[in-house]
Amino acid sequence: MKKKRIDALNEKAKAIQRLADGEQPSAAALAERRMPQGCTTIFDTGWETNPRPTYPVGNCQASARDFHGCVGDCWWPAQMPDGLTNHREFDVQCPNVARDWRNLKYD
Amino acid sequence: MKPMWTLADHRVFAGGAGTEGALLFGAEQASLYAIDAATGDFLDRWGRHGAFALAEVAPADHEIAAALADAQVLVPSARARRAPRPTIDPATVPLATLVLEAAQACNLRCTYCYAGGGTYGGAARVMSPELAARAARFLVEKSGDLPRVTLVLFGGEPLLNLPALAAAVAAGEAAAAEHGKTLVVSLTTNGTRFTPAALDFLAAHRIGVSVSIDGPPDMHDANRPYGGRAGGGSYADVVAGVARLRERTGRAPAARVTLAPDQWARIPEVFEHVLGKGFLEVGIAPATPVAPALLPTPEQDAALLAGFAHVARRFVDEARRGRVLPFSNLLDLLAKLHVGQVRGVPCGAGLGYVAMDAQGALFLCHRFAGDDGFRIGDLATGIDHAKARACLAAQAAGRADACGTCWARSLCAGGCHHENHLRESVLGLAQGTCCDFIQRWIELGIRTYGELRADPGHPVLAFVGRRAEG
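Note that residues are indexed from 1 along each chain, following the sequence as it is written. Chains carry letters from A onward and ligands carry numbers from 1 onward, assigned in written order. In keeping with the predicted nature of the model, local features appear solely for residues at pLDDT of at least 70, side-chain atom pairs appear and are counted solely at 80 or more, and the whole-chain, interface and lining totals rest on all residues.

What follows concerns the overall build of chain A. Secondary structure elements follow DSSP: runs of H or I no shorter than four residues count as helices, runs of E no shorter than two count as strands, and numbering proceeds from the N terminus. A count of helices and strands for chain A gives 4 helices and 1 strand. Reading the secondary structure of chain A in the N-to-C direction produces β-α-α-α-α. When each of the 107 residues of chain A is scored for burial, the buried share is 15%. By definition, residue pairs are in contact when their C-beta atoms, positioned from the backbone, come within 7 Å. The long-range fraction of contacts in chain A, counting pairs at least 24 apart against all pairs at least 6 apart in sequence, stands at 8%. The burial criterion counts other C-beta atoms lying within 10 Å of a residue's C-beta, which is placed from the backbone; the residue is buried at 20 or more, exposed at 12 or fewer, and partly exposed between these limits.

In terms of helices and strands, chain B carries 17 helices and 17 strands. Based on the C-alpha atoms only, the size of chain B along its principal axes is roughly 75 × 45 × 45 Å. Taking all 470 residues of chain B together, the buried fraction comes to 43%. Across chain B, contacts joining residues at least 24 apart in sequence account for 72% of those joining residues at least 6 apart.

A word on the domain arrangement of chain B. Residue and element names in this part refer to chain B. Delimitation of the domains relies on an automatic or database domain assignment. In terms of domains, chain B is made up of domain 1 (4-82) and domain 2 (93-367). Each of domain 1 and domain 2 has a C-alpha centre, and these two points are 41 Å apart. Contact with domain 1, which involves 4 residues of that partner, is made by 4 residues of domain 2. Residue composition of the side of domain 1 that touches domain 2, by class: 2 nonpolar, 2 polar and no charged. Under this grouping Gly is polar, as are all residues other than the nonpolar Ala, Val, Leu, Ile, Met, Phe, Trp, Tyr, Cys and Pro and the charged Asp, Glu, Lys and Arg.

Any residue range with low pLDDT should be treated as having predicted coordinates unsuitable for detailed reading. Put simply, chain B has an average pLDDT of 92, and 98% of its residues get 70 or more. Of the two predicted TM-score estimates for the complex, the pTM is 0.82 and the ipTM is 0.82. Confidence per residue, as judged by the predictor, is encoded in pLDDT with a range of 0 to 100.

With 23 residues of chain B in contact, the opposing surface of chain A contributes 13 residues. Looking at the side of chain B that touches chain A residue by residue, the class counts come to 12 nonpolar, 7 polar and 4 charged. In this scheme, strands are said to pair when DSSP sees at least two bridges between them. Inspection of the sheet shows strand β1 (residues 6-8) of chain A paired to strand β4 (residues 31-35) of chain B by 3 bridges, in the antiparallel sense. When the sheet's bridge partners are listed, D7 of chain A is paired in β4 of chain B with A34 of chain B.

What follows covers the environment of L444 of chain B. All names here are of chain B. Residue placement: L444 occurs in helix α16 (residues 435-453). On the neighbour-count criterion, L444 (19 C-beta atoms within 10 Å) is partly exposed. With 431 residues separating them in the primary sequence, L444 and F13 have C-alpha atoms 9.8 Å apart. Contact partners of L444, with chain neighbours within four places excluded, come to F308, A309 and A312.

Here we take up the sheet that holds strand β1 (residues 4-7) of chain B. As summarised here, the arrangement of the 3 strands in space is β5-β1-β6 (chain B), forming an open sheet in which the pairing is antiparallel. For this open sheet the edge positions go to β5 (52-53) and β6 (74-76) of chain B, each flanked by a neighbour on one side alone.

Okay, α16 of chain B next. Relative to the 27 Å expected for 19 residues at 1.5 Å per residue, α16 of chain B spans 27 Å between its end C-alpha atoms, a close match to the ideal helical length. Every buried residue of α16 of chain B is listed here: W441, I442, G445, I446, T448, Y449, G450, E451, L452 and R453 of chain B. Given the number of residues in a helix, its expected span is that number minus one, multiplied by 1.5 Å.

It is worth spelling out the sheet that holds β4 of chain B at this point. Strand order in the open sheet made by the 4 strands is β1(A)-β4(B)-β3(B)-β2(B), with antiparallel pairing throughout. Edge positions in the open sheet fall to β1 of chain A together with β2 (10-14) of chain B, since each of these has one partner strand only. Across the sheet, the mean angle separating the axes of adjacent strands is 30° when strand polarity is ignored. Only C-alpha atoms enter the line fits that serve as axes; for helices the fit covers just the stretch in contact. Angles between N-to-C directions range over 0 to 180 degrees. Where helix α1 (residues 37-46) of chain B meets the sheet, it contacts β1 of chain A together with β2, β3 (22-26) and β4 of chain B, and its direction lies at approximately 135° from that of β2 of chain B.

Residue and element names in this part refer to chain B. At their nearest, the axes of helix α9 (residues 267-275) and helix α10 (residues 298-320) sit 8 Å apart, and the two run at 45° to each other. Classified by the interaxial angle, the pair formed by α9 and α10 is oblique. Two secondary-structure elements touch here, α9 through I267, P268 and F271 and α10 through G307, F308, H310 and V311. When the residues that make up the contact of α9 with α10 are grouped by side-chain class, the tally is 5 nonpolar, 2 polar and no charged. Here the word oblique covers every angle except those under 35 degrees (roughly parallel), over 145 (roughly antiparallel) and from 65 to 115 (roughly perpendicular).

Written out as structure tokens, the structure is:
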């Protein structure tokens, strides 16, 4: 057996090691590059992405659900700011989304 | 932007004799690892870089980087900034230990006494049995949901006031039984007052006893003479008293050795001598500098560390034979290292640990008795948490920067309040005059622990683990 480079000696080091061992599976899932990680910078929920092999591949589930809910109307839901974003008062800058959307300045 | 990584604060120590590789100590979490030479090189190389991207690391070193990330020694730069440790509010900590200065009087006149011959200033006085009993009940009642509380019978010389000790223990035991708690009682004595009545009392209540003894007769008698006109050394009486105590209680006491700087060169001899007198454990304390004459020179500091290192060497040799050498200082340090204990405060003073003087005034710890600057209430009105908070804040003030960058901070957290107070407020020294010694002592402990860990199934490690659990 190959000798380990780092060996936990005291109880604290072992606890940290156990934590790292526990985290391995999620780190491995992230490393699989089959789909882009996350969605937009604003709606990025990490890797809770649309699991289905349909559009929008790799978007977060909420956005994927909206997409399928709205696609018939040809309206793109992700441009709609809401309370989750850092534009809590978007209606002040952007009273009419269709007209004023350019005013929105996302960080 | 590429994610940047940084090596968290750490120290690498060469392994002890007979061990391969080195020891890696994670300063923030007190985590301890054995590392191979390649990992040591990596730490050395990248430790000088500040933040770096993983793309800069040679592919051959990725395995090391991953292992260090798992060990939380290599961390994302955004997380490398240390959050200050939250301060603990004394009001939220239940009372766990009460020290009774049952007799502020003493029959000895030890040269290094921080209590002014046992009185802590003023005339000699003793605690009334009623007050002692009330204090013991106070301890149990203020202990929240702790299953176990500790009553420390202290002085001066506590055995000069046996009636108060008996009253406190009786009341404490009754209150503990009523509340379903365990009462642990310990006594620190100069060992000259083991009268038949005192021995009966100690045996009946299974009281843990610590006896002060400072080595062979010449050293002990120089440090610990009797007061009064008779004078003379106390060595012979202490050794005879310890023998009687062992015979009557069936239990060996712990030895508490205090040495002045000019005696530190004889530490190995003192340790062996005291151990040979039948003590359970031997702990050695450098005398607190109550006067400038007790401040060590750098050579004396070096002798202190060399003495401790010598006994630590003996500890490892004994451990190889499966035996525990009962050197309290090292056992306590190894227990802390074994757990990887991270402390936000150096000790429990004012945080579950409180001392009461003979009149019922409460103090941050037993050493501060009689100093109004550290008085935190009294038995009648209870603990003044605001004052305790202020005392602790004053002790921590000015130390944040130095401690924040010190690799030993997790285990030390600033050092003894009383020692710092004496050095800085009384003797006018700069902060941090103990730091060098503390760091070297902890390093010695880390190396010793590393040597023991070379054999993970070591029975002495199991002993240290049990000690860590209390």
